[in-house]
Amino acid sequence: MTPLARLFALPIRAYRLILSPWIGFNCRYQPTCSAYALEALEKHGAIKGGWMAVKRIARCNPWGGCGYDPVPDPKDKGES
């Protein structure tokens with residue numbers, strides 16, 4: 001994980017440690033939004049992974065979807 005991605009992961013880890021146990025586990029998706037965000041940052045880096053996390057959190061609402069939604073694997077840049 002890049003240093004910038006680690007920095008972006010700090011508030012997510014703090015949320016999981018401090019706030020999430022108090023408000024309950026109510027995510028509509030599997031894996032949870034916070035787990036998705038951490039995995040996206042790990043796989044795709046700070047910019048793309050952060051954007052993927054923001055889009056996922058925006059979809060996690062009563063009018064959004066639900067179910068299994070894994071982080072896609074990064075595309076290999078060497079293939080044509």
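Residue positions are counted from 1 within each chain, in the order its sequence is given. A pLDDT threshold of at least 70 governs which residues receive local features in this predicted model, and a stricter bar of 80 or more applies before side-chain atom pairs are shown or counted, although totals over entire chains, interfaces and linings include all residues. Based on all heavy atoms of the structure, the side-chain values leave hydrogens and waters out of the count.

Looking up the protein in an unreviewed UniProt entry gives the name Putative membrane protein insertion efficiency factor, with the organism given as Rhodovulum adriaticum. UniProt positions are given in the numbering used here, feature names are shortened, and annotations may be inferred rather than shown by experiment. Looking at the Function (unreviewed entry) heading of the UniProt record, one finds this comment for the protein: "Could be involved in insertion of integral membrane proteins into the membrane." Turning to the protein, the UniProt annotation filed under Subcellular location (unreviewed entry) states: "Cell membrane".

Peer 1: Looking at this structure, I do not really get the environment of Gly24. What am I missing?
Peer 2: Helical segments are the DSSP runs of H or I of at least four residues, strand segments are the runs of E of at least two, and each set is numbered from the N terminus. Along the chain, Gly24 turns up in the loop between helix 1 (3-23) and strand 1 (29-30). For every residue, the accessible area (1.4 Å probe, protein chains only) is compared with the maximum for its type, and the residue is labelled buried under 20%, exposed over 50%, or partly exposed between those bounds. On the accessibility criterion, Gly24 (24% relative accessible area) is partly exposed. In the structure, Gly24 is positioned 33 residues away from Ile57 in sequence and 16 Å away in space, judged by C-alpha atoms.

Peer 1: What is the right way to look at helix 1 in this model?
Peer 2: Residues that lie three or four places apart on an α-helix share one face, since the helix turns once every 3.6 residues. One less than the residue count of a helix, multiplied by 1.5 Å, gives the span that helix is expected to have. Its 21 residues give helix 1 an end-to-end C-alpha distance of 29 Å, which sits within 8% of 30 Å, the value for a rise of 1.5 Å per residue. Along its length, helix 1 reaches its greatest deviation from straightness, about 40°, at Arg16. When we look at burial in helix 1, the residues that qualify are Ala5, Ala9, Ile12 and Ser20. Where helix 1 ends, the next residue or the one after it, Gly24, has phi of about 95°, a positive value. The angle separating two fitted axes, one through the seven residues that finish at a residue and one through the seven that start at it, defines the bend at that residue.

Peer 1: Is there a simple way to think about the packing of helix 1 against helix 2 (residues 33-44) in this case?
Peer 2: Running from amino to carboxyl end, helix 1 crosses helix 2 at an angle of 165°, the nearest separation of the two axes being 10 Å. On the basis of their axis angle, the class for helix 1 and helix 2 is roughly antiparallel. Here helix 1 runs over helix 2; the crossing is left-handed. Side by side, helix 1 and helix 2 meet where Ala5, Phe8, Ala9, Ile12, Arg13, Tyr15 and Arg16 of the first sit next to Ser34, Ala35, Ala37, Leu38 and Leu41 of the second. Polar here means any residue other than Ala, Val, Leu, Ile, Met, Phe, Trp, Tyr, Cys and Pro, which are nonpolar, and Asp, Glu, Lys and Arg, which are charged; Gly is therefore polar. A breakdown of the residues in the contact of helix 1 with helix 2 according to their chemical character gives nine nonpolar, one polar and two charged. Here an angle of 0 to 180 degrees is reported between the N-to-C directions of two axes, which are lines fitted to C-alpha atoms, with helices fitted over the stretch in contact. Oblique is the label for any angle not under 35 degrees, not over 145, and not in the 65 to 115 range, which are roughly parallel, roughly antiparallel and roughly perpendicular in turn. Two helices cross in a left-handed way if the nearer one is turned anticlockwise from the farther one by less than a right angle. They cross in a right-handed way if the turn is clockwise. In this analysis, two residues are considered to be in contact whenever any of their non-hydrogen atoms come within 4.5 Å of each other.

Peer 1: Just checking my understanding: could you explain the nonpolar core for this structure?
Peer 2: Grouped together as the largest cluster of nonpolar side chains are eight residues: Ala5, Ala9, Ile12, Ala37, Leu38, Leu41, Ala46 and Ala53. Elements with a contribution of two residues or more to this core: helix 1, helix 2 and helix 3 (46-59). The residues contacting Leu38, other than those within four sequence positions of it, are Met1, Ala9, Ile12, Arg13 and Arg16. Here the nonpolar core consists of buried residues drawn from Ala, Val, Leu, Ile, Met, Phe, Trp, Tyr and Cys, with membership extended through side-chain atoms lying within 4.5 Å.

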